[in-house]
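Chain residues, written in single-letter form:
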Amino acid sequence: MKKRENRQHEPLVMVLITVLVLLVFTVTRAGFKIGSFETRKVNLLADVTSPAKDSLALHATLASGPSVADTVMVKQIRNVEKITVPLDQYTGIIQFGTDSTGGLHHFFASLHQLGREKKKVRIAYFGDSMIEGDLITQDIRSLLQDQFGGEGVGFMPITSIVAGFRQSIIHSFSPNWKEYTLLDAVPSDHGLGITGHTFMPWYSSSENDSLQSGNESWVKYAAVGRKHLNKFGSVKMFYGRSDGKNAVALKGNKTIPLSGNGAVNEVCVCPRPVQGFTCTFNCSSPLNVYGFTMESDTGVILDNFSFRGNSGMPLTKMPYNVLTGLNKYLNYDLIILQYGVNVVNDKVKDFSWYEKGMTEVVKHLQNCFPEASILVIGAGDKSTRIEGQYQTDPSVPVVVEAQRRVAEKTNTAFWNFYQAMGGEGSMVKWVTGDTIYANSDYTHFNPRGARRVGGLLYNYIIGEYKKDKKAG
């Protein structure tokens, strides 16, 4: 019998031939086509190479934006790294509108009045998961309070899906709260509050049942050992209509009856500074609870209103009577809108529908908060995998331009965050640079990156404020 030839080398030969073929397709940027079937273009080296554009030098620095020459400012933003941006594309903050009702003029006028007759300047910062857990906002708040005074975390919801993640407050609650949100079909008697939620404690029509069951809903907040956040100033609660049969009790203190016919009513829970508190609700009828405020009576207060997955357009579901009722007590001076990443989609070319929807959102907020300035923040860079490489999603600049037109149409202000990050390809650098500022989803920032973003926005707001102050 003829001896079988040794063929152990054949698998190696086949592998080498396959690699050689794939390299040819990589160089020619071609794909495979068999009949009507065609593959994507092949790039065998996609995971070990970077787009050529990443090697281009970006030559302008943060110093080319608003001046930070004075010693106080430099000290305040000492942790904000320089960010390179192409000068021919950078626009910073644009203020539309020429009178006191446009741009950021009202907000700056309120800052000018601090220390005189105006005791407090309040900011509502709306956003999606980019600001979850007080990311970005906690850093802006701290810098503003360093500069203008103020203590406290501001407005807090009753429950939160990021309570265990948030670092600016310790927050816990019972599991028996019922809630409606921006994503729900909301009954007319449960109007959404400014957080995009309304919260309802457990209740019983039988007083004895309520007292003996131990089922009362509760919420607990505690301060953290950080600057501006190590104690609560006066604590107030906001709730809907109540006939006086509902009540809230502080641990170790007397019970406070809840009454009021307004769409929003206020009760002072703790008139003096405290380190923390627990509120237990004893209710015999349905009650809408919107949240608590914990803050000083003077300085800048910034409220974080994050809502995961929100495009921004559902904000019109928050009813006029609830928002105006809250504004009667809170008196907002500035509203910031940071949305866009949840509508970015490389398959979509026309975002006129989003521009129209967000224009209606801004008009709704202008009706509810007629004196407040509004700042629209353009979407930041977001990368998607194209031909094996992470690149800027091609729809990002289109969404940003739609957001700029929203601000222009409504005489508000606009910040081009996409270009401030560095423009096209910048998210890749934030993820893969020597210092990592963003997560591997190429969309969200890590705490270091959030701090960088917060400091950057603060820097440009203060730059505009200084110019406004000089002009005035």
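As the structure is a prediction and not an experimental result, all values here were calculated from the model.

Asks: How should I be thinking about the sheet that holds strand β4 (residues 120-127) in this particular structure?
Replies: The sheet built from six strands is open, its strands ordered β3-β21-β18-β17-β4-β16 with mixed pairing. Strand pairing shows two members of the sheet lacking a second neighbour, β3 (93-95) and β16 (299-306), which therefore form its edges. Shown here is a sheet whose adjacent strand axes are inclined to one another by a mean of 20°, direction ignored. Relative to strand β21 (residues 413-415), strand β18 (residues 373-377) runs parallel, the two being bridged by three bridges. In the strand pairing of β21, I377 is matched with W415. Sitting on the sheet, helix α8 (residues 396-410) touches β18 and β21, and the angle it makes with β21 is about 160°.

Asks: Just checking my understanding: could you explain the packing of aromatic side chains for this structure?
Replies: Given two aromatic rings, one states the distance between the centres and the angle between the planes to describe the pair. Summed over the entire model, instances satisfying the criterion amount to 21 aromatic pairs. When the ring of Y390 is compared with that of Y442, the centres are 3.8 Å apart and the planes differ by 10°; the resulting orientation is stacked. Here Y442 lies in the loop between α10 (426-432) and α11 (447-471) and Y390 lies in strand β20 (residues 389-392), a separation of 52 residues in the sequence. Through successive ring pairs, a cluster of aromatic residues spans W415, F417, W430, Y437, F445 and Y460.

Asks: Help me understand empty space enclosed by the protein in this model?
Replies: A water-sized probe, rolled over the atoms, reveals where empty space remains. Considering all chains together, one arrives at four cavities of 30 Å³ or more under this definition. In terms of lining, the largest cavity is formed by L337, Y339, Y354, M358, V376, I377, Q403 and V406. Of all elements in the fold, only α7 (352-368), β18 and α8 reach the threshold of two or more residues within the lining of the largest cavity.

Asks: Hey, could you run me through the nonpolar core in this one?
Replies: The nonpolar side chains of a soluble globular protein tend to be buried, and buried together. L111, Y125, L375, W415 and F445 are the most contacted members of the largest nonpolar core, which totals 46 residues. Looking at this core element by element, the count peaks at nine residues for α11. Those residues in contact with Y125 that sit more than four places away from it in its chain are I131, I136, T137, I140, L302, D303, N304, F305, I336, Q338, I377 and L457. Counting residues in each nonpolar core, the second largest holds 45 residues, with F126, F307, V343 and A407 among its members.

Asks: Where do I start with the layout of surface pockets in this structure?
Replies: The calculated volume of the second largest pocket comes to roughly 360 Å³. Lining the second largest pocket are 21 residues, with T159, S160, I161, H197 and S306 sitting closest to its centre. Top element by residues in the lining of the second largest pocket is β16. It accounts for three residues.

Asks: Teacher, can you tell me more about the confidence of the model for the chain here?
Replies: Note that predicted coordinates carrying low pLDDT should not be read in detail. Per-residue confidence for the chain gives a mean pLDDT of 84; residues scoring 70 or more make up 79%. Under a pLDDT of 50 for its full length, residues 34-40 has, in the predicted model, six contacts with residues more than four places off or in other chains. Note that residues 46-88 has pLDDT below 50 and, in this model, 71 contacts with residues that lie over four places away or in other chains.

Asks: I keep staring at helix α4 (residues 137-148) and nothing clicks. Help me out?
Replies: Turn by turn, an α-helix covers 3.6 residues, leaving residues three or four places apart pointing in a common direction. Taking 1.5 Å per residue, 12 residues should reach 16 Å; α4 reaches 16 Å between its end C-alpha atoms and fits that length. Taken across its 12 residues, α4 has nine buried, putting it largely inside the fold. Every buried residue of α4 is accounted for by T137, Q138, D139, I140, R141, L143, L144, Q145 and F148. In the stretch just after α4, G149 is the one whose phi turns positive, near 90°.

Asks: Got a minute to help me understand the side chain of N265 in this structure?
Replies: The residue N265 is located in strand β13 (residues 265-270) in this model. Of the residues examined, N265 reaches a relative accessible area of 9% and is grouped as buried. Polar side-chain contacts of N265 include one of 3.1 Å to the backbone oxygen of G262. N265 has contacts with M237, F238, Y239, G240, R241, S259, G260 and Y329, leaving out every residue within four places of it along the chain.

Asks: I keep staring at the side chain of Q138 and nothing clicks. Help me out?
Replies: Turning to its location among the elements, Q138 is positioned in helix α4. By relative accessible area, which is 12% here, Q138 ends up buried. The contacts of Q138, once residues within four sequence positions are left out, are G133, Q167, S168 and R226.

Asks: Even after reading the chapter, I still don't get α8, so can you show me in this structure?
Replies: In a regular helix each residue adds 1.5 Å, so 15 residues correspond to 21 Å; α8 covers 22 Å between its end C-alpha atoms and thus fits that length. The set of residues buried in α8 consists of V396, V399, V400, A402, Q403, V406, A407 and T410. For α8, the angular spread of the buried residues around the axis is 160°, confining them to a single face. Residues of α8 that are buried sit in contact with α7, β18, β20, β21 and α9 (417-421). One or two positions beyond α8, positive phi appears at N411, with a value near 55°.

Asks: How should the pairing of strand β19 (residues 383-386) be read in this particular structure?
Replies: Along any regular strand, the residues point their side chains to alternate faces of the sheet. Pairing of β19 with β20, which is carried by four bridges, proceeds in the antiparallel orientation. Looking at the pairing, T384 lines up with Q391 of β20. With antiparallel pairing between neighbouring strands as the criterion, β19 and β20 make up a hairpin whose turn holds two residues, including E387 at a positive phi of roughly 50°.

Asks: Even after reading the chapter, I still don't get the pattern of salt bridges, so can you show me in this structure?
Replies: Where charged atoms from two side chains of opposite charge come close, those side chains can pair. According to the stated counting rule, one finds 15 salt bridges in the structure shown. The shortest N-O distance in the salt bridge between K118 and D333 comes to 3.5 Å. Note that K118 is positioned in the loop between α3 (105-113) and β4 and D333 in the loop between α6 (320-330) and β17 (334-338), a separation of 215 residues in sequence. As a salt-bridge pair, E132 and R308 come within 2.7 Å of each other at their nearest N and O atoms. Placement of the pair is E132 in the loop between β4 and α4 and R308 in the loop between β16 and α6, with a sequence separation of 176 residues. On the basis of relative accessible area, R308 is assigned to the partly exposed category, the value being 48%.

Asks: I tried to follow the pairing of strand β15 (residues 289-295) on my own but got confused; where do I start?
Replies: Of all the seven residues making up β15, seven are buried; the element is thus mostly covered by neighbouring parts of the structure. Where strand β10 (residues 234-239) meets β15, six bridges bridge the pair, whose relative direction is antiparallel. Directly across from M237, in β15, lies its bridge partner F292.

Each value, and the rule that gives it
- Residues numbered from 1 in each chain as written.
- Predicted model: local features only at pLDDT ≥ 70, side-chain atom pairs only at ≥ 80, totals over all residues.
- Heavy atoms only, no water.
- Pairing = 2+ DSSP bridges.
- Helix = DSSP H or I, 4+ residues; strand = E, 2+ residues; numbered from the N terminus.
- Axes fitted to C-alpha atoms, helices over the stretch in contact; angles between N-to-C directions.
- Contact = heavy atoms within 4.5 Å.
- Phe/Tyr/Trp six-rings, centres within 6.5 Å; stacked < 30°, edge-to-face > 60°.
- 1 Å grid on protein atoms, 1.4 Å probe; cavity = no way out; pocket = protein on both sides within 12 Å on 5 of 7 lines; lining within 4 Å.
- Points joined across faces, edges and corners; volume = space filled by probe spheres on them.
- Core = buried A, V, L, I, M, F, W, Y, C linked by side-chain atoms within 4.5 Å.
- Buried < 20%, exposed > 50% of the residue type's maximum accessible area, 1.4 Å probe, protein only.
- pLDDT = per-residue confidence, 0-100.
- Expected span 1.5 Å × (residues − 1).
- Polar contact = N/O pair within 3.5 Å; in protein donor to acceptor, adjacent residues only side chain to side chain.
- Arc of directions from axis to C-beta.
- Salt bridge = Lys/Arg side-chain N within 4 Å of Asp/Glu carboxyl O.

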